[in-house]
Amino acid sequence: MTALLEVENLTKTFSMRSGMFGDTITLDALVDINLKVEKGETLAIVGESGCGKTTLGRCIARALDPTSGSVSYTPEPGKTIELSSLSKRELKPWRQDIRMIFQDPMSSLNPYMRVFDLVAEPLRIHKLARGAELEQRVVSALDKVGIPRDALQRFPHAFSGGQRQRIGIARALVLDPKLVIADEAVSALDVSIQAQILNLLEDLKTDFGLTYLFISHDLGVVNYIADRVAVMYLGHVVETAPTEALFERPRHPYTEVLLEALPIADPTRRAQRHEAVKGEIPFLGNRPKGCPFHTRCRFAEDKCRAEKPELRPINGGPTYAACHFAETIELKGAYDDAPATGTYA
Amino acid sequence: MMPQTPMANDKTLLRMEDVSIVFSSPDEADIEAVRQVDFTLTRGKTLALVGESGCGKSVTARTILRLLDKNARIPSGRILFSPGDGETTDIATLNPDSTAMRSIRGNKISMIFQEPMSSLSPVHTIGAQIDEMILLHENLDKKGARARTIELLEQVGIPGARQRADAYPFQLSGGLRQRAMIAMALACKPDLLIADEPTTALDVTTQAQILDLLRSLRDEFGMAMLFITHDLGVVAEIADEVAVMYLGDVVEQGDVFDVFKSPQHPYTRALMSSIPRMTRRADRQRLNPIQGTVPSPKNRPSGCAFTTRCPHAFEPCAAVRPEPTGTSENHWARCHLLTDPQAPRVDGLIQPKVEGGSDAYQGDRT
Amino acid sequence: MATTDTQNLTKPVAQPKTSKPTLSGRESQFAMTWRRFKQHQLALVSLWIVVAFYLVALLAEFFAPFDPGDYNPRYTYAPPQGIEFVFVEEDGSWTWGPYVNGYGTEIDPEAMRRIFTIDEEVRHPLGFFVESEPYMLLGIIPMSHKLFGTIEPRAPLYVIGADRLGRDQLSRLIHGTRISLSIGLVGVVLSLIFGVIIGGFSGYYGGWFDSAVQRTIEFIRSLPTIPLWLGLAAALPQNWSALQNYFAITVILSLLGWTELARVVRGRFLALRTEDFVTAAQLDGASDYRVIVRHMVPSFMSHIIAATTLAIPGMILAETALSFLGLGLQAPIVSWGTLLQEAQNIRTLASAPWLLAPGVVVVVAILAMNFLGDGLRDAADPYGK
């Protein structure tokens, strides 16, 4: 199977100048990222703030221009477009295929545009429809996300957070995309609304054969929605694996740390917890030499401090990890083998 | 059948009795943001107030410190605070700006917030700010205060406390700032710590660290903790007791193990079925979210607030406010399903026998 | 805990009277702004004051009883006449109708100065739409009636007094209003064009251009204004006509005035550039032009309107100050500044305090415009509060 999207050696460097005559600091937000997104799957990118997951999403969507590396998109077998090398104009048609959903439903909708215009805007830009057809397509997109017709003439502030997020999804869907990048799309929502949106995203995926790149910091949500997971730390992908494999037996110590820290809505599991990981995420401009995680890793040895591990397949399997000792260390997964305690298991 | 949480015991620190909070605005009708909330805070224990945005959990917490805006008032109820000197103060009757209230605030009851930058001054070092707190409330000289500050910073796990005391808040990471704020809140060895979403803005690993810290500090200081959060996972981590709020009502309250094991209010049950469970693919179940959105407090039904979204709502729900109904020793919920013999049967609820109950529901308090 | 967060879609809130479901109805945003503006009492009053000012300025020839250049040496420094409405005859009967008394003169034997007295015997009845010398309204419409005046021609009418050449202060003030207000308006339009274009480029593209523009703005703003005006005004060729002078002054004022607007616009662009909805528009494939015009500009229209309204008084004050110092507009052009120039001499002022009337008008106009600007800013931004 060919990947719908392939990211190769993607690097993004930001340079910041302190003051007018100050030194230029360069921050490597993404270092040599390699990823594949298969058609029809949901690939989750997880990590803590500053790990580069949002930057990665924006480089793929070309909201940011990558510093080096390539992003190639294969809409059908034998037809591969290297998105990262296209000019803005050449890119425009492909923007229909790759759409983005944003985290903050308040700031991602133009407060001065009505719902109709918000959803119609992509169609107008790509000159795909006008008049009655335009209206019909807007209404049908809103219909798919469960926004009623009488909302067309209202401004976004008249809606609750969940409804605004639905409108944002309608904006993405109206162009019949192939790949949807959801950047923390449910993080700002209350749990009950979050559940509605997660169900909606799932239904849309089935109905329209979508592929998701699901960027999130919430491992509970990721376990629920993703087929495969890529874990990022300080601009590196440290592990990728099928969701169940990753949660069952993580191969990178950072993945274990993330799973350990995840609060689980079951008080009976409190006792099984390790002590939380020590230390803080280092500053990007001050990335440790060797393995980026060695400063906080409980398995760190001299090798880790000296030599940067490559992302490599573990035991030939579908799991990839960037850890020198991935095969040998015993890491704890997140699934609990004890029978579920709640009535709502 | 008001459940009797173990009260009148000398560990009881603060009792909210029937506290309502009303906001008035010049253009609109008054809004009752919180309706008759009852709970008890005990030394060494953590009560978590959990609910979605707008449910009144933060308002409730701020009321204890009388930090609400001028347009808020407490038309009914008492907030009895007994810090152990034999005296009991009704905080609800105090003037928010009075000396009595100020001596409680920051001294006996402290609060930490979601965003530490909002409560730390950006122009003073964190050490200076904690010194100030100590000097204000305790009989120590400057040197003694600084020694205590450094001790506190070490206690909250700030590495290199002596040097970090001279750092400005913006020089610290989010996690360290939160720790500094906790140190400041603990400066006067409070009896009660109110934590308003203290980990919401933090990354998971930092969140886990802060939760560990709060738990151990609570035990060390023997204080009571009121923990406000929207995250049921965090509740399960830290709480001894949990109160679930919806639209100004505490709909269910009880021991955290009981509530998570056998939630009795439809809202609590819906909330729990809205969070993805940590299960393998094979056991995965589709989420079952609550339909619709939270109505505005203006449109709250006079009966049970959850009526408009409740899948089991029946005849008395909209009009008659359910009374708290105990389902086990330390666990109650406000729901007609638990009292009305005519109520629809729902799996997992402790409902009255159909033949048994005489009168359906017990009066209307609103 | 935003209240907007809790509205329920299944039960839609009452729509703000949208008559028919047209898909491109923009009126209601204007209606919304207007509704909010009306709640701002002070701004509403100010709006009417400003409208009145501009109306007077527009139809100055019609409102002013005389031409600003008409002089009468008999009435130098004549004091204001009171307008009377009822005349009581000696026999007790009375007649209704506005009139002014004539002037009598005495010579003060000590100061050897002419003193005006009001001559109760002489009455000059007033009327609306009285006939006058023919004139051209706005320079194009021939007219021969004034809004009001004495019914008999050539009778003295000095409602707020006369100046040192016996010219009617009120007529001069009205004509001065035209010049001063139009300088404000034209100057601001020019600054707006400079400000929006330069500030917009600076904010949207950033980089070296932004730095260069910012440094230039800082440089311009660090120059002390009065000496700069002096220099620029002094550099104007002496032989320019009054009209050329007028335009030159306007351009000078707006060359310095655009910096403020450019800053506002740049600041908004910078803030908006990182907003998700702008990124979303870019990801939609929108061109830069579309992103700017359709997505960014509407959300800072209110800021531009407010900044513009608030910039007009600055311009007016600048012109007034410049002319007061004798470096701006020159006689025979009449502006508030040149009128106030007449009030520079303390001795004249002691004997003819009505020459300060333009000062009062300046204060009223500036305050009204400031309040109006504030009101507009609050009203045009639905997310302001």
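Residues numbered from 1 in each chain as written. Chains lettered and ligands numbered in written order. Predicted model: local features only at pLDDT ≥ 70, side-chain atom pairs only at ≥ 80, totals over all residues. Heavy atoms only, no water.

Looking up chain C in an unreviewed UniProt entry gives the name Peptide ABC transporter permease, with the organism given as Devosia pacifica. As recorded by UniProt, the Sequence similarities (unreviewed entry) comment attached to chain C reads in full: "Belongs to the binding-protein-dependent transport system permease family." The annotation that UniProt attaches to chain C under Subcellular location (unreviewed entry) is "Cell membrane". (UniProt positions renumbered as here; feature names shortened; annotations may be inferred.)

Per an unreviewed UniProt entry, chain A goes by the name ABC transporter ATP-binding protein and belongs to Devosia pacifica. The Subcellular location (unreviewed entry) field of the UniProt record for chain A holds the comment "Cell inner membrane". We quote the UniProt Sequence similarities (unreviewed entry) comment for chain A here in full: "Belongs to the ABC transporter superfamily."

A. Broad picture of the overall build of chain C. Scanning chain C from terminus to terminus reveals 12 helices and 4 strands. Against the 2.2 N^0.38 benchmark of 21 Å for 385 residues, chain C shows a C-alpha radius of gyration of 27 Å, more extended than a compact globule. Along the first, second and third principal axes, the C-alpha atoms of chain C reach 85 × 55 × 40 Å. In chain C, which comprises 385 residues, the proportion classed as buried is 43%. (Helix = DSSP H or I, 4+ residues; strand = E, 2+ residues; numbered from the N terminus. Rg over C-alpha atoms; globule rule 2.2 N^0.38 Å. Buried < 20%, exposed > 50% of the residue type's maximum accessible area, 1.4 Å probe, protein only.)

B. Structural view of the nonpolar core. One finds Val119, Ile169, Phe214, Val229 and Phe247 of chain A to be the most contacted residues of the largest nonpolar core, which totals 88 residues. Inspection of this core shows a minimum of three residues originating in each of domain 1 (1-15 + 27-97 + 177-339) and domain 2 (107-176) of chain A. Ignoring sequence-local partners within four residues, the contact set of Phe214 of chain A consists of Thr42, Leu43, Ala44, Ile45, Ala182, Val186, Leu198, Leu201, Val221 and Ile225 of chain A. Membership of the second largest hydrophobic core comes to 78 residues, among which are Val19, Ile126, Leu172 and Leu217 of chain B. (Core = buried A, V, L, I, M, F, W, Y, C linked by side-chain atoms within 4.5 Å. Domains from an automatic or database assignment. Contact = heavy atoms within 4.5 Å.)

C. Just the pattern of salt bridges, in detail. All names here are of chain C. Under the criterion given, the structure shown has 42 salt bridges over all chains. Arg178 is the partner of Glu61 in a salt bridge, and the nearest nitrogen-oxygen pair spans 2.9 Å. Of the two residues, Glu61 sits in helix H3 (residues 60-63) while Arg178 sits in helix H4 (residues 169-205), which places them 117 residues apart along the sequence. We classify Glu61 as buried; its relative accessible area is 13%. Between Arg215 and Glu218 there is a salt bridge, and its shortest N-O distance comes to 3.1 Å. Pair noted here: Arg215 and Glu218 are both in helix H5 (residues 207-222), with a separation of 3 residues, about one helical turn. (Salt bridge = Lys/Arg side-chain N within 4 Å of Asp/Glu carboxyl O.)

D. Broad picture of the UniProt feature "transmembrane region" (unreviewed entry) in chain C. Residues and elements named next belong to chain C. In the numbering used here, UniProt assigns the "transmembrane region" (unreviewed entry) feature to residues 42-64, 179-207, 219-240, 246-265, 297-316 and 352-372. As annotated, residues 219-240 has a helix share of 64% and a strand share of 0%, and its two end C-alpha atoms lie 30 Å apart. Across residues 246-265, the secondary structure splits into 100% helix and 0% strand, with the terminal C-alpha atoms separated by 28 Å.

E. A look at the interface of chain B and chain A. Contact residues are listed per partner, giving 49 residues for chain B and 54 residues for chain A. With both chains or domains summed, chain B and chain A bury close to 4,500 Å², and 52% of this area falls on carbon and sulfur atoms. On the chain B side of the contact with chain A, Met278, Arg280 and Arg281 of chain B bury the most area, a combined 17% of that side's loss. For the interface between chain B and chain A, the tally reads 5 salt bridges. Measuring nitrogen to oxygen at the nearest pair gives 2.9 Å for the salt bridge that ties Arg286 of chain B to Asp203 of chain A. Taken together, chain B and chain A are joined by 16 residue pairs in polar contact (both at pLDDT 80 or more). Of all the elements in the fold, those that place two or more residues in the side of chain B that touches chain A are helix H6 (174-186), helix H7 (204-221), helix H8 (232-238), helix H9 (256-261) and helix H10 (266-274) of chain B. (Buried area = accessible area lost by both parts, 1.4 Å probe. Polar contact = N/O pair within 3.5 Å; in protein donor to acceptor, adjacent residues only side chain to side chain.)

F. Up close: the confidence of the model for chain C. Residue and element names in this part refer to chain C. Averaged over chain C, the pLDDT score is 77; the fraction of residues at 70 or greater is 90%. Least confident of the elements in chain C is helix H1 (residues 27-38), whose mean pLDDT is 70; most confident is helix H8 (residues 276-283), at 90. In this model, residues 1-27 is a region of pLDDT below 50 whose contacts with residues beyond four sequence positions or in other chains number 40 contacts. (pLDDT = per-residue confidence, 0-100.)

G. Geometry of the domain arrangement of chain C. Residue and element names in this part refer to chain C. Per the domain assignment, the segments making up chain C are domain 1 (42-58 + 173-380) and domain 2 (74-162). Here the C-alpha centre of domain 2 lies 38 Å away from the C-alpha centre of domain 1. With 9 residues of domain 1 at the contact, the number on the domain 2 side is 9 residues. Carbon and sulfur atoms supply 72% of the area buried between domain 1 and domain 2, which totals about 620 Å² over both sides. For the domain 1 face of the interface with domain 2, the top three residues by lost area are Leu58, Thr348 and Trp354, together amounting to 62%. At the boundary of domain 1 and domain 2, one finds 0 salt bridges. Applying the counting rule to domain 1 against domain 2 returns 0 residue pairs in polar contact (both at pLDDT 80 or more). Of all the secondary-structure elements, those providing two or more residues to the side of domain 1 that touches domain 2 are H4 and helix H11 (346-351). Here the residues of the side of domain 1 that touches domain 2 are counted per class, giving 6 nonpolar, 2 polar and 1 charged. (Nonpolar A, V, L, I, M, F, W, Y, C, P; charged D, E, K, R; others polar.)

H. Region of the structure containing H5 of chain C. Residue and element names in this part refer to chain C. An ideal rise of 1.5 Å per residue puts 22 Å on 16 residues; H5 measures up with 23 Å between its terminal C-alpha atoms. When we look at burial in H5, the residues that qualify are Asp210, Val213, Gln214, Ile217 and Ile220. Seen end-on, H5 carries its buried residues on one side only, within an arc spanning 125 degrees. Projecting away from the buried face of H5 at angles above 90 degrees are the exposed residues Trp208, Phe219 and Ser222. Those residues of H5 that are buried are in contact with H4 and helix H7 (242-273). (Expected span 1.5 Å × (residues − 1). Arc of directions from axis to C-beta.)

I. Structural context of a nonpolar patch on the surface. Residues and elements named next belong to chain C. Taken together, the side chains of Val189, Ile193, Ile197, Phe201, Tyr205, Trp208 and Phe209 define a hydrophobic patch exposed on the protein surface, amounting to about 770 Å² of accessible area. Broken down by secondary-structure element, the contributors of at least two residues to the nonpolar patch are H4 and H5. Here the nonpolar patch takes 5 residues from H4, the largest share from any one element. Along the chain, Ile197 falls in helix H4. Judged by relative accessible area, Ile197 falls into the partly exposed class, the value being 46%. (Patch = residues over 30% accessible without salt bridge, like charges linked within 9 Å, V, L, I, M, F, W, Y side chains within 5 Å. Areas by Shrake-Rupley, 256 points an atom, 1.4 Å probe, with all protein chains shown as cover.)

J. Layout of the UniProt feature "domain: ABC transmembrane type-1" (unreviewed entry) in chain C. Per the UniProt entry, the sites bearing "domain: ABC transmembrane type-1" (unreviewed entry) are residues 177-373 of chain C in this numbering. Secondary structure content for residues 177-373 of chain C is 82% helix and 0% strand, and the end C-alpha separation is 20 Å.

K. Structural context of the pairing of strand E6 (residues 109-112) of chain B. Residues and elements named next belong to chain B. Every second residue of E6 is oriented toward a common face, with Ile109 and Met111 on one face and Ser110 and Ile112 on the other, all of them buried. Here E6 pairs with strand E7 (residues 192-196) via 4 bridges, running parallel. Of the residues in E7, the one forming a bridge with Ser110 is Leu193. (Pairing = 2+ DSSP bridges.)

L. Structural detail: the state of the cysteines. All names here are of chain B. Applying the stated criterion to the full structure yields 0 disulfides over all chains. Between Cys304, a cysteine without a disulfide, and Cys317, which holds the nearest cysteine sulfur, the sulfur-to-sulfur distance is 6.1 Å. What makes Cys304 buried here is its relative accessible area of 13%. There is no disulfide at Cys310, and the cysteine sulfur nearest it, in Cys317, is 6.2 Å away. (Disulfide = S-S within 2.5 Å.)

M. Quick peek at the environment of Gly248 of chain B. Residues and elements named next belong to chain B. Turning to its location among the elements, Gly248 is positioned in the loop between strand E9 (241-246) and strand E10 (249-255). Residues Gly248 and Asn330 lie 82 residues apart in sequence; the distance between their C-alpha atoms is 21 Å. Leaving out residues up to four positions away in the same chain, Gly248 has contacts with Ala33, Val34, Arg35, Val37, Cys55 and Arg300.

N. Molecular detail of the domain arrangement of chain A. All names here are of chain A. Parsing chain A into structural domains produces domain 1 (1-15 + 27-97 + 177-339) and domain 2 (107-176). Computed over C-alpha atoms only, the centres of domain 1 and domain 2 are separated by 30 Å. Facing 15 residues of domain 1, the contacting portion of domain 2 comprises 14 residues. Between domain 1 and domain 2, a total of about 1,300 Å² is buried, with carbon and sulfur atoms accounting for 69% of that surface. For domain 1, the biggest contributors to the area lost against domain 2 are Gln96, Pro177 and Leu200; these three give 38% of the whole. Applying the counting criterion to the domain 1 and domain 2 interface returns 0 salt bridges. Counting every contact that joins domain 1 to domain 2 gives 4 residue pairs in polar contact (both at pLDDT 80 or more).

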